[in-house]
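The lines below spell out each chain.
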There are 2 protein chains.
Amino acid sequence: MDRIDRKLLNLMQRDASRTNVDMADEVGLSPSSCLRRLQRLRKSGVIDKIVAILNPARAGRVIKAVVTVELKLHGEQHMRRFLDTASAEEAVSHAYAVTGETDVVLMLRLRDMEEFDLLCDRLFRDQTNVARFFTMIVIRTAKEETAIPL
Amino acid sequence: MDRIDRKLLNLMQRDASRTNVDMADEVGLSPSSCLRRLQRLRKSGVIDKIVAILNPARAGRVIKAVVTVELKLHGEQHMRRFLDTASAEEAVSHAYAVTGETDVVLMLRLRDMEEFDLLCDRLFRDQTNVARFFTMIVIRTAKEETAIPL
DNA sequence: GCTGCATTTGCAATAATATTGCACAATATC
DNA sequence: GATATTGTGCAATATTATTGCAAATGCAGC
């Protein structure tokens, strides 16, 4: 993992649709050598996957929200059950067990508030293991970065 | 945007490293027709970008945290200044202005707690516009999804 | 510094893939 | 139901990825 590997990873994190020839030129290597580095980075698991990032609004998910959740029962199995249930929801993009104020943090991508209402019924209300939850609707997205700085 | 487009977007959201020939076969189109759809989806902006997703741990960012921030001054220019400052930080992967309990939610990817300490100095302490902040360290990641369900 | 070993590199040949023009089919519009 | 618009598949071509191999590079032990 040297300077050239880091360069390649940065290029790939920004735009993985570029050709190998192109990137080889930019990092100052021959195409074959560059390709072998990229293959190594993939097989070793540093590069987890290569994916298309959609524009959420153009995909019909216009509302984003962060929800903090406090559970009633805090046992390991209860925590796991709640995380599994939440993770199974399409609208839930991120689900974390956390320290501090609350037990769980969820990030949501919603089509509309009706979807949120129905989601609350399934995850938070009545018969669920949720004591309290706090919803923070996203007003402005200042940063949303998949790339990890090296 | 028909059934085939949605199929293609789902494939691309899961794995954009597959060849056009491969995906054409899976959705039941000829390679040329499939390629033209993909090009259209890119130019129209539904596909925002194609990127490599790294394994955060293998990239040296082993700690994740969610931080909620309450500002002292809530004016538009103060909010913007704080969001810009936070967004400029490498460790900040997401920065949102939100409704509800607090004003801002940040998501962090950290190398160690020393980096967190230094980040707090720059963003939250003393001369900053921050009244209070609550840190939630991620214990378990149950879901972390870039794909948007269609 | 030298030697031997392992790794990386660049070149050239080959295989695979993307890309384009074009005629035809499907679909929508009036 | 006629016409315009869009989407499709085929075939030819251009790009690109991939592989074998010899040379170069880096590295440990001496």
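Here, every reference points to the structure presented above.
The following refers to the structure shown. These numbers come from a predicted model, not from an experiment.

**A short note on the relation of the copies chain A and chain B**
Each copy superposes on the other: chain A lies on chain B with an RMSD of 0.0 Å after a rotation of 180° and an axial shift of 0.0 Å. The relationship between the two copies is best expressed as a two-fold rotation axis. When each C-alpha of chain A is compared by its distance to the rotation axis, A:Val51 comes out closest, at 2.9 Å. Take the interface residues of chain A: 100% of them recur as interface residues in chain B, which is what a same-surface contact looks like.

**Re the packing of helix α2 (residues 20–27) of chain B against helix α3 (residues 31–43) of chain B**
Residues and elements named next belong to chain B. Look at α2 against α3: their axes get within 8 Å of each other, and the N-to-C directions meet at 100°. Judged by the angle between their axes, α2 and α3 are roughly perpendicular. Contacts between α2 and α3 pair Asn 20, Met 23 and Ala 24 from the former with Pro 31, Cys 34, Leu 35 and Leu 38 from the latter. Across the contact of α2 with α3, the residue classes tally to six nonpolar, one polar and no charged.

**Side note on unusual backbone geometry**
If you check the backbone angles, A:Asp126 has positive phi at about 45° while not being a glycine. Assignment of secondary structure puts A:Asp126 in the loop between α5 (113–123) and β5 (130–144).

**Some points on the protein's contact with DNA strand C**
Taken together, 13 residues sit near DNA strand C, with A:Ser30, A:Ser33, A:Arg36, A:Arg37 and B:Asn20 positioned nearest. By atom count, sugar and phosphate contribute 58% of the portion of DNA strand C lying within 4 Å of the protein. Contact distances for DNA strand C include 2.6 Å between a phosphate oxygen and a side-chain N or O atom of A:Arg37. Contact between DNA strand C and B:Arg36: a base oxygen at 3.2 Å from a side-chain N or O atom of the residue. Contributing elements (two or more residues each) for the surface near DNA strand C: α3 (31–43) of chain A together with α2 and α3 of chain B.

**Some details on the pattern of salt bridges**
This model, assessed by the stated rule, comprises 28 salt bridges over all chains. Note that B:Glu89 is salt-bridged to B:Arg122, the shortest N-O span being 2.7 Å. With a gap of 33 residues between them, B:Glu89 in the loop between α4 (76–87) and β3 (92–98) and B:Arg122 in helix α5 (residues 113–123) connect regions that are remote in the sequence. Overall, the relative accessible area of 46% leaves B:Arg122 in the partly exposed class. A salt bridge links B:Asp117 to B:Arg125; the shortest N-O distance between them is 3.4 Å. On the basis of relative accessibility, which here comes to 34%, the residue B:Arg125 falls in the partly exposed class. Each of A:Asp2, A:Asp5, A:Arg37 and A:Arg40 takes part in salt bridges that share partners, so that together they form one network.

The rules we used
- Residues numbered from 1 in each chain as written.
- Chains lettered and ligands numbered in written order.
- Predicted model: local features only at pLDDT ≥ 70, side-chain atom pairs only at ≥ 80, totals over all residues.
- Heavy atoms only, no water.
- Least-squares fit on C-alpha atoms with pLDDT ≥ 70 in both.
- Contact = heavy atoms within 4.5 Å.
- Axes fitted to C-alpha atoms, helices over the stretch in contact; angles between N-to-C directions.
- Helix = DSSP H or I, 4+ residues; strand = E, 2+ residues; numbered from the N terminus.
- Parallel < 35°, antiparallel > 145°, perpendicular 65-115°, else oblique.
- Nonpolar A, V, L, I, M, F, W, Y, C, P; charged D, E, K, R; others polar.
- Near = heavy atom within 4 Å.
- Polar contact = N/O pair within 3.5 Å; in protein donor to acceptor, adjacent residues only side chain to side chain.
- Salt bridge = Lys/Arg side-chain N within 4 Å of Asp/Glu carboxyl O.
- Buried < 20%, exposed > 50% of the residue type's maximum accessible area, 1.4 Å probe, protein only.

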